[in-house]
Amino acid sequence: MVAIEADRCAIAQLRSTVNSLLQVRNFEAIVTVREIRSEIRNLRTESQHILEHLFGRQENK
């Protein structure tokens, strides 16, 4: 009986640890997605400025 209870306790701790690791992993994934989206926005803005510069330059010729 004692061994079974010890196994149940160990399994509960393992489940808790796994759940914690999954939550951390999900948080990391969310942060990564936010960073990627931010970088995409920055690239779009930079591309828009480049296009405005190029087309503005062509209109002045």
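Everything discussed here concerns the structure shown above.
Residues numbered from 1 in each chain as written. Predicted model: local features only at pLDDT ≥ 70, side-chain atom pairs only at ≥ 80, totals over all residues. Heavy atoms only, no water.

A. The environment of A10, seen in detail. For A10, the position within the fold is in helix α1 (residues 2–59). Taking the C-alpha atoms as reference points, A10 and I30, separated by 20 residues in sequence, lie 30 Å from one another. (Helix = DSSP H or I, 4+ residues; strand = E, 2+ residues; numbered from the N terminus.)

B. Region of interest: the pattern of salt bridges. Going through the model one piece at a time under the given rule, you end up with 2 salt bridges. Its salt-bridge partner being E5, residue R8 comes within 3.9 Å of it at the nearest N-O pair. With R8 and E5 both in helix α1 and 3 residues apart, this pair spans about one turn of that helix. A salt bridge links R25 to E28; the shortest N-O distance between them is 3.0 Å. In this pair, R25 and E28 both sit in helix α1, 3 residues apart, roughly one turn of the helix. According to the relative accessible area criterion, R25 is exposed, its value standing at 56%. (Salt bridge = Lys/Arg side-chain N within 4 Å of Asp/Glu carboxyl O. Buried < 20%, exposed > 50% of the residue type's maximum accessible area, 1.4 Å probe, protein only.)

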